[in-house]
Amino acid sequence: MENMIPEAFHFKDKEHPSNLLSQLDGLRQERILTDVLLCTGDREIPCHRIVLVSGSPYFRAMFCGDFKESQQAKISMRGIASDVLSSIIDYVYTGCIAITMELVLPLMQAASMLQYPRLFDACSAFLQEQLSPDNCLSMIRLSEILHCESLRAKAREVAVCSFSDVTASEDFRELSLSELEGYLGDDRLCAEEEQVFETLLAWIHHDPFSRKGAIHNLFQKVRLRHVHPTYLFQFIANDPLIQASPLCTDIIESVRRLMFSVSAKCARELRPQWAAPRRYPCQEMLVVVAGRKNNQQTSREALLYDDRTRRWQWLAKLPLRLYKASFACLHGILYVLGGLVVNGRDSAVSSSVYTFSLKSNQWRAADPMLKPRYAHQSVSYLNFIFVLGGIGPGRQVSSSVERYNSMFNLWEVVAPLPTAVLHPAVAAADQRIYVFGGEDVMQNPARLIQVYHISRNMWSRLETRMVKNVCAPAAVIEDKIYIIGGYTRRMVAYDIKTNKFVKCAQMRERRMHHGATVIDSKLYVTGGRYINNHNVIEDSDCFESYDPNTDLWTSKGTLPYKLFDHGSLPLICVTNKGDPP
């Protein structure tokens, strides 16, 4: 018989809490067993002490302590409007309340005083839904008065992510100096450094008499490494407020000396501004431009790849088709330099330069190079773009080198290559430009490294058996220059500190004419041509990345089409809340 006794049945009535609350509210409405009146204005609201005590530490202390209210039948609720108190009591008995813009602030204050945290949080959530660039700064002030951290954090996020719109508001002009410094120093601020400077000027000019003395403190918040040199030296340096501040002019001169020295080292007092990273919403994205598309005519396409969404986006097309142009990125601007312009059977070697801004999605013609050329190489370093070698109008392989000085918008001739080569791997690091391999005028592999010392305008050369690359790109990660393929699967890393080569994981195919660039310390390789198992050269739409920390290759899918002799570059994209453009 003992084995036949059933186990206990545990029953839970899920409707019991709501039914009980409903019954208590009915008793309140009929004034049955109510034992206290909450009075405000000309209104008396009957309640049960036990219900008030069970939900609020405030009422628990009032009715269960030694306060005189514990013996009173009527309690005066000073500072709370009758409609607000009525709404709160309805909430206590039903768990429901209607929050409106007219009611939310007094309701939030009362919920804070009476210690109903869930009601307080509901009011905060309601206000967060109303946030906009026009009201976020006033909401921040309100959140500080109400000691509401969740509202303050959300309003601050709106302020930094919609900074351009916020700066147009009247509330912004009334910020204190410390408040403005807090915004301009925020890594999450969605603004380019030029806008940061213009913002601080607008704030000062709103009340110049009392604010002009703050120019040095505010100017220190501008991350000068990410300001275009032309803007820095032609606009910022000539601003009357900057010129009137010896401390600011000292900073400008320190930057000028740093840029002219072609050095990555800066004075200790400048280091905080110079070393500051790009702000959080600034994201590097891969841009693939021009090249030979599907083994047909030269492409005018430009594509943007977002690694988070793994999607390609079409950008504005190049103004014309340029065969074997070179590509560089400087100060967030993409440069397409030279190339061969083909019109039917006619062709002309070009010295043209086109620039592309991701912000405006537009191409513009810039000052041309000194010499027309194609099949050349370009590389950027600090404030310069160097253009090396290539083929000139007479179809002669050239050793000439010129550079673009972005500080003065000027092209200038520099020392030529010791040995003229085509299709070398080129990279810039540690105040030097490295030219690996390539092929000479007889189309023989050039087993040498040519090094240009930027500050001394001098070349040196070193013959080595380790170099045998043709049509291979190079990319820099930390102190290593990676030479990727070149009619081979091999990839090697040249350590510029030890002057030694290190073998890396090989690619799947023998690749050439492909693009390569570095984003977030990873190598991205796009398209090109490869030699299949039958020793036949085919075009490729391959897209893969290499992680130097793990020495592993990872497939990233494919390009939208097969492509070679193109440019692969990283461009900075300013985004709101981390969203793609």
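Residues numbered from 1 in each chain as written. Predicted model: local features only at pLDDT ≥ 70, side-chain atom pairs only at ≥ 80, totals over all residues. Heavy atoms only, no water.

Novice: Requested: an account of the domain arrangement of the protein, with residues and values cited.
Specialist: Considered domain by domain, the protein is made up of domain 1 (15–130), domain 2 (175–259) and domain 3 (282–574). Summarising the inter-unit geometry, the C-alpha centres of domain 1 and domain 2 are found 52 Å apart. (Domains from an automatic or database assignment.)

Novice: Can you tell me about helix H17 (residues 246–260), naming the residues and giving the values?
Specialist: With 15 residues, H17 extends 21 Å from end C-alpha to end C-alpha; this agrees with the ideal 21 Å at 1.5 Å per step. Listing the buried residues of H17 in full gives Cys248, Ile251, Ile252, Ser254, Val255, Leu258 and Met259. Along H17, the residues classed as buried sweep out an arc of 155° about the axis, all on the same side. Looking at H17, the residues exposed on the side facing more than 90 degrees away from the buried face are Pro246 and Arg257. The secondary structure elements touched by the buried residues of H17 are helix H14 (215–219), helix H15 (229–236), helix H16 (240–243) and helix H18 (271–275). (Helix = DSSP H or I, 4+ residues; strand = E, 2+ residues; numbered from the N terminus. Expected span 1.5 Å × (residues − 1). Buried < 20%, exposed > 50% of the residue type's maximum accessible area, 1.4 Å probe, protein only. Arc of directions from axis to C-beta. Contact = heavy atoms within 4.5 Å.)

Novice: I'd like to hear about the packing of aromatic side chains, residue by residue, with values.
Specialist: Following the criterion strictly, the structure yields 24 aromatic pairs and no others. Judged by centre distance (4.8 Å) and plane angle (45°), the rings of tyrosine 305 and tryptophan 312 are tilted. The buried category is assigned to tryptophan 312, whose relative accessible area is 17%. A cation over an aromatic ring shows up here: arginine 211 above the ring of tryptophan 203, its NZ or CZ 4.1 Å from the ring centre. The residue whose ring lies beneath lysine 293 is tyrosine 561, and the NZ or CZ to ring-centre distance is 4.5 Å. (Phe/Tyr/Trp six-rings, centres within 6.5 Å; stacked < 30°, edge-to-face > 60°. Lys NZ or Arg CZ within 6 Å of the ring centre and 35° of its normal.)

Novice: How would you explain the pairing of strand E30 (residues 552–558) if you had to name every residue and give the values?
Specialist: As defined by bridge partners, strand E29 (residues 542–547) adjoins E30 across 5 bridges and the pair is classed as antiparallel. The residue of E30 that forms the bridge with aspartate 547 is leucine 552. Taken together, E29 and the strand that follows it, E30, pair antiparallel across an intervening segment of 4 residues, in which aspartate 551 is found at a positive phi of about 55°. (Pairing = 2+ DSSP bridges.)

Novice: Before we move on, could you go through the packing of helix H7 (residues 136–146) against helix H8 (residues 149–161) and cite the residues and values that matter?
Specialist: When two helices pack together, you describe them by how their axes are tilted relative to each other and by the distance separating the axes. At a closest axis distance of 9 Å, the pairing of H7 and H8 adopts a crossing angle of 160°. Overall, the two elements H7 and H8 adopt an arrangement that is roughly antiparallel. The element H7 and its partner H8 pack so that their crossing is left-handed. Across the interface between the two elements, Cys136, Leu137, Met139, Ile140 and Ser143 from H7 touch Leu151, Arg152, Ala155, Arg156, Val158 and Ala159 from H8. Of the residues that constitute the contact of H7 with H8, the class distribution is 8 nonpolar, 1 polar and 2 charged. (Axes fitted to C-alpha atoms, helices over the stretch in contact; angles between N-to-C directions. Parallel < 35°, antiparallel > 145°, perpendicular 65-115°, else oblique. Left-handed = near helix turned anticlockwise from the far one by under 90°. Nonpolar A, V, L, I, M, F, W, Y, C, P; charged D, E, K, R; others polar.)

Novice: Which residues make up a nonpolar patch on the surface, and what values go with them?
Specialist: Taken together, the side chains of Phe260, Phe408 and Leu410 make up a nonpolar region of the molecular surface, amounting to roughly 300 Å² of accessible area. As for its position among the elements, phenylalanine 260 is in helix H17. The class for phenylalanine 260 is partly exposed, based on a relative accessible area of 44%. (Patch = residues over 30% accessible without salt bridge, like charges linked within 9 Å, V, L, I, M, F, W, Y side chains within 5 Å. Areas by Shrake-Rupley, 256 points an atom, 1.4 Å probe, with all protein chains shown as cover. Salt bridge = Lys/Arg side-chain N within 4 Å of Asp/Glu carboxyl O.)

Novice: Go over the state of the cysteines with me, naming the residues and quoting the values.
Specialist: Applying the stated criterion across every chain, the model contains 0 disulfides. Cysteine cysteine 190 is unpaired, with the sulfur of cysteine 161 as its nearest cysteine sulfur at 6.5 Å. Considering cysteine sulfurs only, cysteine 542 is the nearest to cysteine 471, which forms no disulfide, with 17 Å between them. (Disulfide = S-S within 2.5 Å.)

Novice: Quick rundown of helix H11 (residues 177–184)? Include the residues and the values.
Specialist: Of all the positions in H11, only Leu180, Tyr183 and Leu184 are classed as buried. Projected down its long axis, H11 carries its buried residues within an arc of 95°, all on one side. Of the surrounding secondary structure, the elements contacted by the buried residues of H11 are H7, H8, helix H9 (163–166), helix H10 (170–173), helix H12 (193–206) and H14.

Novice: Give a detailed account of the sheet that holds strand E9 (residues 333–343), specifying residues and quantitative values.
Specialist: Judged by pairing direction, the sheet is antiparallel, and its 4 strands sit side by side in the order E8-E9-E10-E11 without closing on themselves. Whereas interior strands pair on both sides, the edge strands pair on one side only; in this sheet they are strand E8 (326–330) and strand E11 (362–366). Across the sheet, the mean angle separating the axes of adjacent strands is 30° when strand polarity is ignored. Bridge analysis of strand E10 (residues 346–357) against E11 gives 5 bridges, and the strand direction is antiparallel. Residue pairing for E11: phenylalanine 356 is matched across the bridge by tryptophan 363.

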